[in-house]
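The residues making up each chain are set out below.
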Amino acid sequence: MLNDFFKQFKSGTDIRGVASEGVKGQDVNLTDDVIASMADGFVLWLSDKVNKAPNKLTISVGRDSRISGPRIMKITTNRFKKCGANVLCCNLASTPSMFMTTVDLKCDGALQITASHHPFNRNGLKFFTREGGLEGSDIEQILLYAQNNEHPEKSEGGKITVVDYMSDYAKGLCEKIKKEVNADDYEHPLKGFKIVVDAGNGAGGFYADKVLSVLGADTTGSRYLDPDGMFPNHVPNPEAPEAMASICEAVKESGADLGVIFDTDVDRGGAVDCKGNEINRNRLVAVASAIALEGNDGGTIVTDSITSSGLKEFIENKLGGKHYRYRRGYKNVIDKAIELNAQGINCPLAIETSGHAAMRENYFLDDGAYLCTKIIIKAAQMRTQGKELDELTAELKEPLESCEIRFKITEKDFKTCGEKIIADLTKYAETNGWNIADDNREGIRVSFDKDNGDGWFLLRLSVHDPIMPLNIESDSKGGVEVIRNKLLEFLKTASGLEI
């Protein structure tokens, strides 16, 4: 079992911690020694996973733009070399590209040094094999090796080779766009398009220079393409309002046909159409679903639990697909989609409203650049028909009001407390004749008619934190408050919740 020190680093299916000074009250815990022990733990885990001795392994290492990235990369590559492994140093890279090194470069394992959209002082380790990202139990085993001071034997013959895999990865995206758009000017299928990119000073700047410009697009007006691990302009997170405001502004200022935005390590993406409308959250799921269901009639789309009622109607009534709501957490929706396909259910897409989108045709890899590539391909195809991208989701019904409230759980055993609150609320809802959703698989989701709020709420337990997020949507003005007040009557009776 992990002790309290090593337990703090486990963040779902990643390792995360504080890697740089600069934030008051947050001391560095990803020290050189701790990182070295984690790197050794990965070697031991990977050796067992692929049944190869450590000195027979090939491991790739990449990083996002964080200021602690070069330090952590130096430590991890040297540790891998010390056990005799063949190390491919990819330097600045996207997280999805690091998975692709297990496909294209036949690496046994890959390490991406990233903490996604978190602040500059944090960093982490994200691992891959050819089967995809690791599970939480795998991360725990790696940390147990580190905790128990277990290390692979030293071996001569290890080497570190610097490779420019990001250029190859970008070429792959270019070839995909050329093939699927199939324009008269085959080499420049985006000629005549103006597409701006907001990389948030993360690792996504390559998309403007090595993909869009190469294919003939005008990228003038793009923002924050240069990597800067202090993230001076805005949080590199497509979910953040200030980030979406930035790309919307860039589209309007430059008169672009489309805008795309990435998080720090490019495993998430979002977009903005020519009219400045955000293609984000429910609308992003709708666009991705429309694209994924082409050639997959009646297919199932797996999403997280907080998607809107209008989205379900759009997927099932407009697109003719099936909507499978599942638990929050991008790995949860991906694993469920893989499971459904294994059962013989046609499921081409797993997507979370945060922007994590994984398509079956792309190894069920959550890849923001691949998602945006598919959106751009669709926009180019529609233009040849005299249509614009926003027509794709013209029938998507979106709520008039929405909000999210995050309640803190005050009891130490927060999971048990949260589960009891959900169980008690379920009984309360049944007693009051509320309409409990029969297709919900996380927390409790209740819908109300026009006289009682004209919408729905979802109360769930956070995946990792002592928090209960509450999402409310309504199709009527003032409906959110009506629903909130109904729920508040119950919450006043719940112990262990700070309301």
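Residues numbered from 1 in each chain as written. Predicted model: local features only at pLDDT ≥ 70, side-chain atom pairs only at ≥ 80, totals over all residues. Heavy atoms only, no water.

Account for the sheet that holds strand 15 (residues 349–351), naming residues and giving values.
Strand order in the open sheet made by the five strands is 14-13-15-16-17, with mixed pairing throughout. Either end of the sheet is taken by a strand with one partner, and the two such strands are strand 14 (322–325) and strand 17 (365–366). Together, strand 13 (300–303) and strand 14 form the strand contacts of helix 10 (residues 309–318), whose direction differs from that of strand 14 by roughly 145°. Strands strand 13, strand 14, strand 15, strand 16 (357–359) and strand 17 of the sheet are contacted by helix 11 (residues 330–342), whose axis makes an angle of about 155° with strand 13. (Pairing = 2+ DSSP bridges. Helix = DSSP H or I, 4+ residues; strand = E, 2+ residues; numbered from the N terminus. Contact = heavy atoms within 4.5 Å. Axes fitted to C-alpha atoms, helices over the stretch in contact; angles between N-to-C directions.)

Please set out helix 2 (residues 32–50) residue by residue, giving values where relevant.
Here helix 2 contains 19 residues, and its C-alpha end-to-end distance of 27 Å stays within 8% of the 27 Å for a straight helix at 1.5 Å per residue. Of all the 19 residues making up helix 2, 14 are buried; the element is thus mostly covered by neighbouring parts of the structure. Backbone geometry just downstream of helix 2 places Asn 51 in the positive-phi region, at approximately 60°. (Expected span 1.5 Å × (residues − 1). Buried < 20%, exposed > 50% of the residue type's maximum accessible area, 1.4 Å probe, protein only.)

Give a detailed account of the layout of surface pockets, specifying residues and quantitative values.
Estimates place the volume of the second largest pocket at around 430 Å³. Forming the boundary of the second largest pocket are 23 residues, of which Arg 281, Asn 282, Pro 399, Ser 402 and Glu 473 lie nearest the centre. Going through the elements one at a time, helix 8 (241–254), helix 9 (282–292), strand 18 (401–409) and strand 22 (467–474) are the ones with two or more residues in the lining of the second largest pocket. With four residues, strand 18 is the largest single contributor of residues to the lining of the second largest pocket. Residues that form the lining of the second largest pocket fall into these classes: ten nonpolar, five polar and eight charged. (1 Å grid on protein atoms, 1.4 Å probe; cavity = no way out; pocket = protein on both sides within 12 Å on 5 of 7 lines; lining within 4 Å. Points joined across faces, edges and corners; volume = space filled by probe spheres on them. Nonpolar A, V, L, I, M, F, W, Y, C, P; charged D, E, K, R; others polar.)

How would you explain the packing of helix 9 against helix 12 (residues 368–383) if you had to name every residue and give the values?
One way to put it is that helix 9 packs onto helix 12 with a least axis distance of 10 Å and a crossing angle of 70°. Our classification of the angle between helix 9 and helix 12 gives roughly perpendicular. Helix-helix and strand crossings are classified by hand; for helix 9 and helix 12 the assignment is left-handed. Where helix 9 abuts helix 12, its residues Leu 284, Val 287, Ala 288 and Ile 291 lie against Leu 371, Lys 374, Ile 375 and Lys 378. A class-by-class count of the residues in the contact of helix 9 with helix 12 yields six nonpolar, no polar and two charged. (Parallel < 35°, antiparallel > 145°, perpendicular 65-115°, else oblique. Left-handed = near helix turned anticlockwise from the far one by under 90°.)

Which residues make up the sheet that holds strand 11 (residues 269–273), and what values do they have?
Taken in spatial order, the four strands make up an open sheet running 9-10-11-12, and their pairing is mixed. Since the sheet does not close on itself, it has two edges, and those belong to strand 9 (195–198) and strand 12 (278–279), each with one partner. Relative to strand 11, strand 10 (residues 258–262) runs antiparallel, the two being bridged by five bridges. Residue pairing in the sheet places Phe 262 in a bridge with Gly 269 of strand 11. Against the sheet, helix 8 makes contact with strand 9, strand 10, strand 11 and strand 12, and its axis sits at roughly 155° relative to strand 9, the strand it touches most. Each of strand 9, strand 10 and strand 11 touches helix 12; the most contacted strand, strand 10, lies at about 170° to it.

Tell me about the pattern of salt bridges, and please be specific about residues and values.
Counting across every chain of the model gives 35 salt bridges. Between Asp 390 and Lys 275 there is a salt bridge whose closest N-O contact spans 2.8 Å. Within this pair, whereas Asp 390 is found in the loop between helix 12 and strand 18, its partner Lys 275 is found in the loop between strand 11 and strand 12, the two being separated by 115 residues in sequence. Here Asp 390 falls in the buried class, since its relative accessible area comes to 19%. Overall, the relative accessible area of 55% leaves Lys 275 in the exposed class. Of the charged contacts in the structure, one is a salt bridge between Glu 316 and Lys 312, with a shortest N-O distance of 3.3 Å. Of this pair, Glu 316 and Lys 312 both sit in helix 10, four residues apart, roughly one helical turn. One continuous salt-bridge network, built from bridges that share partners, spans Lys 176, Glu 180, Glu 361 and Lys 374. (Salt bridge = Lys/Arg side-chain N within 4 Å of Asp/Glu carboxyl O.)

Requested: an account of the pairing of strand 6 (residues 122–129), with residues and values cited.
With seven of eight residues buried, strand 6 is to be regarded as a mostly interior element. As judged from the four bridges shared by strand 5 (residues 109–113) and strand 6, these two strands associate in the antiparallel manner. Bridging from a neighbouring strand, Ala 110 pairs with Phe 128 of strand 6. Of the strand pairs in this sheet, strand 6 and strand 7 (residues 132–133) are connected by two bridges, and their pairing is antiparallel.

Requested: an account of the nonpolar core, with residues and values cited.
One finds Leu 190, Phe 206, Tyr 207 and Val 211 to be the most contacted residues of the largest nonpolar core, which totals 65 residues. Once residues within four sequence positions are removed from consideration, Phe 206 is found in contact with Met 166, Tyr 169, Ala 170, Leu 173, Val 211 and Ala 369. Within the second largest apolar cluster, 38 residues are counted, among which are Val 61, Leu 134, Ile 142 and Tyr 145. (Core = buried A, V, L, I, M, F, W, Y, C linked by side-chain atoms within 4.5 Å.)

Describe in detail the pairing of strand 21 (residues 455–459), supporting the description with residues and values.
Within strand 21, five of the five residues are buried, which leaves the element mostly enclosed by the surrounding structure. In strand 21, alternate side chains face the same way, and those of Gly 455, Phe 457 and Leu 459 on one face and Trp 456 and Leu 458 on the other are all buried. As paired strands, strand 20 (residues 444–448) and strand 21 are joined by five bridges and run antiparallel to one another. Along strand 21, the bridge assignment pairs Arg 445 with Leu 458. Taking the residues between adjacent antiparallel strands as the criterion, strand 20 and strand 21 are bridged by six residues, where Gly 453 takes a positive phi near 120°.

Quick rundown of the side chain of Arg 283? Include the residues and the values.
Within the fold, Arg 283 resides in helix 9. Using a relative accessible area of 16% as the deciding quantity, one classes Arg 283 as buried. Within the structure, the side chain of Arg 283 is placed 2.6 Å from the side chain of Thr 393, a separation counted as a polar contact. In this structure, Arg 283 is in contact with Glu 278, Thr 393, Leu 396 and Glu 398, ignoring residues within four places of it in sequence. (Polar contact = N/O pair within 3.5 Å; in protein donor to acceptor, adjacent residues only side chain to side chain.)

Any details on the side chain of Asn 362? Residues and values, ideally.
Structurally, Asn 362 is set in the loop between strand 16 and strand 17. Setting aside residues up to four positions removed in sequence, Asn 362 forms contacts with Asp 367 and Tyr 370.

Any chance you could break down empty space enclosed by the protein for me, citing the residues and the numbers?
Considering all chains together, one arrives at two cavities of 30 Å³ or more under this definition. Estimated volume of the largest cavity: approximately 80 Å³. As for the largest cavity, its lining consists of Phe 193, Asp 257, Leu 258, Asp 273, Cys 274, Ala 379, Arg 383, Lys 387, Glu 388, Leu 389 and Asp 390. Here the lining of the largest cavity is composed, by residue class, of five nonpolar, no polar and six charged.

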